[in-house]
Each structure stands twice: as C-alpha cells, then as structure tokens.
Amino acid sequence: MWSAVRRSGAAWTRALLLLQLLLAGPGGCLSRQELFPFGPGHGDLELEAGDDRVSPALELSTPLRFFDRSDINSVYVTTNGLIAVSEPPAEESHPGLFPPTFGAVAPFLADLDTTDGLGKVYYREDLSPAVLRLAAECVQRGFPEVSFKPSGVVVVTWESVAPYQGPSEDPAQEEKRNTFQAVLASSESSSYAIFLYPEDGLQFHTTFSKKDENQVPAVVAFSQGLVGLIWKTDGAYNIFANDRESIGNLAKSSNSGRQGIWVFEIGSPATASGVVPSDVNLEVDDGAEYDDEDYDSVTHLGLEDVGTTSFPFEAPRRGDAGTHNVPSVLSPRRLTTERPLEAPTERTRSFQLPVERFPQQQPQVIDVDEVEETGVVFSYNTDSRQTCANNRHQCSVHAECRDFATGFCCSCVAGYTGNGRQCVAEGSPQRVNGKVKGKVFVGSSPVPIVFDNTDLHSYVVMNHGRSYTAISTIPETVGYSLLPLAPIGGIIGWMFAVEQGGFKNGFSITGGEFTRLAEVTFVGHPDKLVIKQRFSGIDEHGHLTIDTELEGRVPLIPFGSSVHIEPYTELYHYSRQVITSSSTREYTVTEPERDGAAPSHVHTYQWRQTITFQECVHDDSRPALPSTQQLSVDSVFVLYNQEERILRYALSNSIGPVRDGSPDALQNPCYIGTHGCDTNAACRPGPGTQFTCECSIGFRGDGRICYDIDECSEQPSACGSHAICNNHPGTFRCECAEGFRFSEEGACVAIADQRPINYCASNLHECDIPQRAQCIYLGGSSYTCSCLPGFSGDGRACQDVDECQPSRCHPDAFCYNTPGSFTCQCKPGYQGDGFRCTPGGLSTVAPPIHHGPPVPTAVIPLPPGTHLLFAQTGKIERVPLEGSTMVKTEAKALLHAPDKVIIGLAFDCVDKMVYWTDISEPSIGRASLQGGEPTTIIRQDLGSPEGIALDHLGRNIFWTDSHLDRIEVAKLDGSQRRVLFETDLVNPRGIVADSVRGNLYWTDWNRDSPKIEASYMDGTHRRILVQDDLGLPNGLTFDAYSSLLCWVDAGTHRAECLKPSQPSRRTVLEGLQYPFAVTSYGKNLYYTDWKTNSVVAVDLAVSKESDTFHPHKQTRLYGIAAALSQCPEGHNYCSVNNGGCTHLCLATPGGRTCRCPDNTLGVDCIELK
C-alpha cells in the first residue's frame, strides 16, 4: 500500500514538472523526459516482443469516440506504430495499403520490430488526476477555445523500437531506433489524440515493406475503417504525413505550438467526416490573419495568463476561420478570416516578412507539399540554401548582403541603423502609424468600451530618444482611465531610445518587425489588461506600422483627473529572438479640486512583457547582444484632451548598461538629450561630456542646423535619362517619363513602339474576341477579321450560331447549344452518340456525349475540356471535368509556390491565364496554363488581397483588400490601378464580374452587418443586393449562362442563389460545414470547405451534394475557379479597341466609362462616359 502511494506521489510530481515543461512555450525540441510518464513503474502493460505483434484488447472505462462512433470500449496496440479500435485481421498484421479495413490511429505506421530486445511497446489506460490534467492541457494548447476535461486517457509508448530490416539488412539502419508516443484522451462528449515525437526520437523514416519488398516511408494518419451494413466501403480517413521530409520533421514542428507535439480532434460531432487537426503554428503569427483574419493576417485574441515565453498572439482555434497552413519557408502574412457566429471577438492584423530572409528555427512541416514527379506545369526555383544572389530584394536598399555557410545576412551601411532588412538614416525623425482595437472594461462596469480602427500616430526625435504618441477618438468614459498606460507608446520609445556605447535600441535589433505582448496587473485591484502589438516594419511611405489590441479591465480614474508618472528604469533581458522585461511602478492620480482640495492617490501596477522577433542566425561573427540592458525613461508626460478625445503620451528614452544612480561617465549630452543637435542630425558622443553633431544622410550643415539636400538640383543625372527626379526630405525618388518604364537594372527604358506594325500580333486590331473571331494579317499595316466556325458576322462583331435551331441531333436526343458549337445526348431510355439513338433500357452509365464541330485548336490552348482550379497551401491544383463530374484520378498540381499563401483565383478564358491573390508578400500574380514561370504583377500598396475577379472582355482585374478595406481595378498586367471603393467596407472578400452586363458583385462579411453589394464596373450605381439573413458570406460566383449569382455562407451554413434583376433568392443547400470559396459550371456549384479540406459539388437542379474530392494532402483549401475551354458568348463596349479609352475602359450596362488611373501624371488621360 505504501509503495503504491509513493508511486502515485512520484507520478504526480513528475507529471506536474512535465506539465510546466510542456507549457513553457516553443523554446526547443521535446526531450524524452517530457513524454507522458511510461514504463512498468507507471502501471504499463508490455506488448509481447517480436514482429507484427498485436496486444489483447485493452478494455476502457471511458469509451473512446472516433469519427462518428461513440461506443468504442476497447483498443488494440500493435508493434507497427498503430492503435486499432477493433481487432486487426491476421492478414493485415503487417503494414500494407492505407487505409486498412479497421479503424486505426497511426502516430508512426511502419514495419517495426522489437525482436530480441530491440525495443519495447508499453500501453495502459490512466485515470490519475495528474495525467488527466496533463492531457487536458495539451488539448487546450491545440484547441484553446475548447473546455475539455478528460475522464480517461490511453497512453501508448514505442520506446527504442527498430525498423524491420527484411532479407538484406541495411547497415545504415542497423543501430537506429525510434521513440514516440500516442495519447488518446476522452471525455463524455469528445476524444482527442496527442502524438509526441521527442528530439532525436525518429532516427529512421522508412522501413522495409514485406509487400513491396523495398523501403517505404512511414505514415501518420487516421482511418475510420470499413463502413456499411451490407456493402462495405472505405470510410473516411486522413493522411497527415507520408513522405520522408514530412516524417523527418515531426519532431521539429507542430500543429499545437510546441515542437514535437501534435494534437487532433478525433471523436465529436465535428469529426463525422474527418479528423480535425489543431491549427496553432509555431510561428508567432498564428494566421492571417490569414487572426485568421485569425488566414490569421489577423488573430483572434483572448485574455490568458502570459508567461515570459508565451506566444504573443493567441492561435486560431477550432471553429475559427483558422490559419492558413503555411509551408516551412514562409512565415505567413495572414489574411483576415472569420469564425462562425459565436461570441464576437476582436481581431488584430498581423504581418511579417517572409522567413526566407532569416529562416526560422522551428519550421512548420506537415502541410508542406512535395512536387509530383509528373504533371507539374511550372514551379518556383528554390535553392536549398538561401543566398544574396537569389534574395536580392530581401535586404534594405541601405544595407549590404553577405553570404554565409548556412544562408545570408543583411546589415545596414554606414550612416544608417537597423537590422539590415529595415534601415533608417541615423538621427532622422521617424513616424509610426497604426490602429488600435479591443475591448476595455472600466472599473466595475459590466459593459466594455470597444475600440475599432482607432488611429495611433507617433513622432520620434531619434537623436533625443523622445517619442510623442497620440491615440485619437478615445471616449471620455475610458480616456482618463488609460492615462497610466504610457508604455502603450513607450514601446516606440524603446525602439528609438538613445543608444549608449555598445548597447542597442529596439530598432537596431528588430528593424521594427516584432510582436509584443504586455500584461498589466493593478496592485490592490482585480484588474488586468493585456496589450498585444505587432510591428510590421517600414511601409512604402517610409513610416513604421503598428497594430495594437487591448483586452481587459482597468481601474476607474475620475473625469478631469491628472496622472503623474515618475521617471523609471526597466531591465530588458535578451535571449535568442526573445526579449523579456518586468517591473513594478507607481503613478499618482490627482482628482479635480473639490471643496478647495484636490485629492491625490498613489497607485502601483506591475508590467510584464515579451517581445519576439527574428534575427539573422547565419553570421557567427556578429557581436552578441548584452544579456541585459537598462531602459531609462527620464521624463514621462501623459494627457487626455477631453474636447479632442485624444490620448497623448510623451517619453524620453535611452538604453545602456545596468546601473544604480547616474555615474558621470554616462552623463554625456548625447545620452541625456542636452546636446542641442538639429532634429535631422545624429549626436556622436566623445570622451567625458564631449560630443559632435553630424547631419543625417540627405542633409547638410554643421549638425546644429541641418538643411535638406536637393539631390535633384545638385545631381541632375541622379535618376538617369528619361526619368523624373522628385526631391523629398533626406532623399529623392525617381519615376520614368511617359512612354518609359523601369528595367530590371533600374534604368528607364522605352516601352515598345506599337504603331504601324502587325495589328494582329500586337492585339491592336478591331476584331471580335479570340473566342469568336480571328485576325488575319495581310502585310504592312493591313489585316482582316473573320468569324470562327460556329459564329456569324463581319469579324468585328460575331454572334453564336445556334446549331440546335433546327436541331442537328437525332429526334430522340437533346441538343445543347454551346458557344461556337453544340452537343447531342440521347434521351433517357435511349442509347447512342446523340446523332444516332436506339431504344434501350435505362443504363447506369451515362451515354457518351458527342461534341459538334471542334473549335480550332488555336482557340483552345489547354487540353480539351474544362478544369476546376483550386488553391491549397503553397500551390494551385487542377481537376478535369467530364460534363459536371470531377475526374479525381487525374487531379494534378498546376503551380507549386511554397512561399505563397494563395487565396483568390480568377481565370482569363481569352489568354488561358490564371490570376491569384497572395497574402504572404502580399501580391497579385498570374501564370499561363500553357507553362512558363509565374509573374507578380502587383506587389505595392496591398494589405491583404483576397477576392479577385476578371473582366475577360474589358481586360481588367478587380480585387478586394480586407486590410485596406477597399476594392480596386487595374489592367491585366497590373498597370493603371484605380481605387473604386474605400468607404463602407469592413471585411470585403468574394468578388465576381458580369462582363457582358458590366456589373460587379462582392461580399462583405462584416460581423455586425454582413452584406452582398453590386455596382457597375466603373464604380457607379453602388447598391446593397442582399442584407438580411446573412452570417459570414465568403464565396461568390456568377454564371454567365444562367445569370445566377450564388454565394456560400460559413455563418448560416447555406448555399444560396438569386438573379440580380429579381428580388427573390433561393436556398440551394443547407448544412454546409465551413465553405470558403465557390464557382459554378454547368448544373453544379463547386465550393471549397475548410472543415473537410475538400472540394464539394452541389447539383443546382436537385439541391444535393453530388460529389466530393479530397486532395491527397489534407491542408486548407482557399479559392476555386472554373478554367473554361471557351469564353461565354457576348461582348461589352470595352471589347474592341479598349472602348476608345486612353486608359481604363470600365463597362456599364449598355455602355462604358473611360477612367484614369489614380497615379496618372500630366494630361494625357481623358475621362469619358
């Protein structure tokens, strides 16, 4: 009895210690000591040694839930890295094709061997409070929004197991051993699986297959097994890793935020059709936000206890819009996403530069897609080692790049400061712009003050270390109570604090790219406030950008009070890519005068913060930062202006060594701000109290007074020939003259002359679009236009010939007219090719469709037929369509772009090009379906581009930007950009164009007021089309043949349609899980689903799901588009000769409008209606 008590106490102690280690954050790989307790001393049973062994049934006191079952009362453990929910058949005792016929949980399915003491397999059901709590905390980390209290846990450990070698032993694997663990935790309502892979625990990734007689990779997967009462078929299954690279990275990555720990929801109402993986990334971002919105460029935030190693942003959760699964080379710039309508949450934007610049130490792995051996149309050229040569844009223009053995690093040149990726001139004033969001409770009030898109602006005098921060439109109900929170702006002071010899301020370390999480506890009050901030570097205007979120409660400070904060010091502790600090401070509140007296009170609050950033790890010679630096804030000024509703903070900051008092050696005027240098000058400390003032680069003077250098006047040739030079304070900018463009080398080169040449080749002819007519070159400047077969007209305007009037098909066949052609199909009860039909019984096989006269191959550069294109993490795939049926066996990757998070897709049926939006850079790109390299057409002035639409007649693209809250238009090459809408938009996403009628439609999933809007393509006649009974309208599609506008809604879980000219709407299907994007073709809608990671077909005629396609890799799907073999018939007034417009031609119903781009210079653009 005593020994049992002692053993239980030891288990408690070890489990609690392990819990602290597991929750300490993503500091490093999982060690073997951090696995769940295992071995005979913890009550484990031991599986019989040998090859292909299966344990007796392990009876469970708490039933396991698995997929749609809730009655699993026993499990079986096998040697081969698998837990079975029913007894495996003898013929399936060794690994074979996946999925097996029985339900299976496979943390490492491979042919393993424990013969002759080559390892052990332990298993048990554990009901001890310590292990139950440990399992609950692991699940909580992976699914933060779930309240999970397990009543039973199954722990299975494969310790130092060997690979099965086969007849010819491989010496390279002879000494290799694997250790890993699977934990199944169950409550009355749900079950979760936790897979743990310790550092160096997976020493081999392949084993010898008895079936294939060669080495095959292990598999991480779940399988429902066979389903059905009479006719058995494979049930649902999910494969999460099945290649060497993914298996090799299991210990290095995670889906739960802790290296080596993977969490999955395996049994609940949400898993009937598939296991739900956790979606918490190792990267600080997780999602945009995207915060998808959580894709998270934005992350949902919640109050939580924050330790010095905690994530600065809470990760997206089950039921959220979740985070884009991002390849290992990318630190996601997230998209703004949403969760189904539950308790409202606030969000913050998160942006981060691609990690190719400074590779992360814990890359995400499991969703990285490998390139198929065949069928790839094109792929990005990626090098295993990133170098300066292939990353020339990763460093600041004021930095130099150096290659090292493992990668490259950037460092600012003389006269500039920063981390190399971001550099600013030393001593130059800086501006910081951003937004503040959140919910703050004041005093005991049960109603929070909500901030939404509140402006924050800061001005920094760098050579004094002074920062002036203003937050506007702060209600007086909270304004005075926020006065003590000067460090909201104080982080900007730390960034540009005056640097004492050998010490570095925040910008020198981070380049203004980092996340900060601060927790403020008010002593003597039950109040706590969490401040979450993301700094995103320098934007195109030269300003630093910041997003701030406030959550929590602050003590009430009476109206009209003033707050005084004494100067203070704060210690900053530095470790690899993480900075922490904590301090206790006082502030004095002086209330308005009453009865001749002004009461004052001294209050105390405690600050604790964590700053995470990325540093270059390749340069071992770079001096290490001091482990501790002291920030000295010499003066603090706080003010709330009740009339202007502006909150102001001003602080003077310097950074240096830890010290008590102020030694004379540190009283140099450069450090204490008494130097008197110009605001555009750097102060250079000398011995003792000596110093010099030196004008910043781009300025001239004695340092006390500095004047801007007009580089354009002093260096007329600074921009080169055919360029215009524009002077700016401290710098200058060049732009090419009209008719010229920048070359790759940065020089202005002439745009190709397009006057008297081949009008057909230069596409300057007046013939109808290529789907209806061809331009025939006659030499010189002459050409003629001719309608294609199946069309009639003069070549400049061609109309489709209706071959079904009269029908050319058999009398017992249906005739379907298509643009330029027709098809025939025998009626039910008949069989044949449509041109000949004979009576016959109803067949279970659809009769073949005979296509009419073929369209010339020049018009159809794609293989014959229509394809679905859909975006998945890091790539675009295609699925051919036969009629409306997806040919799943022929699905192939079209584009591999592992450094991108592709969201929206649009297809140009004229040039056979696919266009996409990418939130990682962010950018808009395109590629030809005939092959070749992808190109980026827009990368400037984008926030979070999501939906994209294309007018194939007017040759324009339209896109939504959910970060900038606007809709823009541009030509197909990205030129001639114009903002159409930038008001009354909150979360614009889906967008489609009706090219023939000149209409534009888009969704806005604003949680407070979701809507679907319409306008003409020129931005006029804007109107709300649908506003009632919407939740989270995501995807939108317009079918040119039926004129149906359809959408999918992740809040109402419905697919609906309407004709824009008619008020009534129709519910097509209810019960959708989490639809994201939708497209239409023929009789079907096709939508992507975030919950099932699949493409789902919906038959519009019968309002039923008719087919589902699960891509091989189980990662999130985004945009979807139909790549048509021919364009829909019709034309608009921009179809020919750009509608006679000099620049943008934007179609309207029955007309067109000529518009100028936003950046048009001079008077060469003419606007007409």
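Before reading further, recall that the structure is shown in the block above.
Before going into details, it helps to say that this report is about the structure given with it. Treat the numbers as computed from the prediction; the structure is a model and nothing was measured.

1. Regarding the state of the cysteines
Phase 1: Evaluation of the coordinates by the stated rule reveals 20 disulfides.
Phase 2: Across the disulfide from Cys760 sits Cys775; the S-S distance is 1.9 Å. Taking the sign of the S-S torsion, about -70° here, the bridge from Cys760 to Cys775 comes out left-handed. Here the residue Cys760 occupies a position in the loop between β46 (748-750) and β47 (773-779), and Cys775 occupies one in strand β47, the gap between them amounting to 15 residues.
Phase 3: When its relative accessible area of 17% is taken as the criterion, Cys760 is described as buried.

2. What about the sheet that holds strand β75 (residues 1065-1070)?
Phase 1: Reading across from one edge, β72-β73-β74-β75 is the order of the 4 strands in this open sheet, with antiparallel pairing throughout. Strands with a single pairing partner mark the edges of an open sheet, and in this sheet they are β72 (1033-1039) and β75. Neighbour to neighbour, the strand axes of the sheet diverge by 20° on average, direction disregarded.
Phase 2: One ladder, built from 6 bridges, connects β72 with strand β73 (residues 1044-1049); its direction is antiparallel. Note on β73: the bridge partner recorded for Pro1033 is Asp1049.

3. Comments concerning the pattern of salt bridges
Phase 1: Applying the stated rule across the entire model yields 38 salt bridges.
Phase 2: The closest approach of N and O atoms between Arg648 and Glu644, which form a salt bridge, is 3.3 Å.
Phase 3: Between Arg700 and Glu714 there is a salt bridge, with the nearest N and O atoms lying 2.9 Å from each other. Taken as a pair, Arg700 in strand β41 (residues 699-701) and Glu714 in helix α8 (residues 711-714) lie far apart in primary sequence, 14 residues in all.
Phase 4: In this structure, a network of salt bridges that share partners links the residues Asp1029, Arg1054, Glu1056, Arg1065 and Glu1070.

4. Examining helix α2 (residues 129-142)
Residue pairs spaced three or four apart in an α-helix point in one direction, given the helix's 3.6 residues per turn.
Phase 1: Helix length check: α2 (14 residues) gives 20 Å between terminal C-alpha atoms against 20 Å at 1.5 Å per residue, within 8%.
Phase 2: Where burial is concerned, most of α2 is hidden: 10 out of the 14 residues are buried.
Phase 3: Along α2, the residues that are buried comprise Ala130, Val131, Leu132, Leu134, Ala135, Ala136, Cys138, Val139, Arg141 and Gly142.

5. Quick look at the environment of Glu591
Phase 1: Within the element layout of this structure, Glu591 appears in the loop between β35 (578-590) and β36 (600-613).
Phase 2: Taking the relative accessible area as the measure of exposure, Glu591 reaches 14% and is therefore buried.
Phase 3: Along the sequence, Glu591 and Ser562 sit 29 residues apart, while their C-alpha atoms lie 6.6 Å from each other.
Phase 4: If we skip the residues at most four places from it in the chain, Glu591 touches Pro558, Ser561, Ala598, Pro599 and His601.

Procedures and definitions
Residues numbered from 1 in each chain as written. Predicted model: local features only at pLDDT ≥ 70, side-chain atom pairs only at ≥ 80, totals over all residues. Heavy atoms only, no water. Disulfide = S-S within 2.5 Å. Helix = DSSP H or I, 4+ residues; strand = E, 2+ residues; numbered from the N terminus. Buried < 20%, exposed > 50% of the residue type's maximum accessible area, 1.4 Å probe, protein only. Pairing = 2+ DSSP bridges. Axes fitted to C-alpha atoms, helices over the stretch in contact; angles between N-to-C directions. Salt bridge = Lys/Arg side-chain N within 4 Å of Asp/Glu carboxyl O. Expected span 1.5 Å × (residues − 1). Contact = heavy atoms within 4.5 Å.

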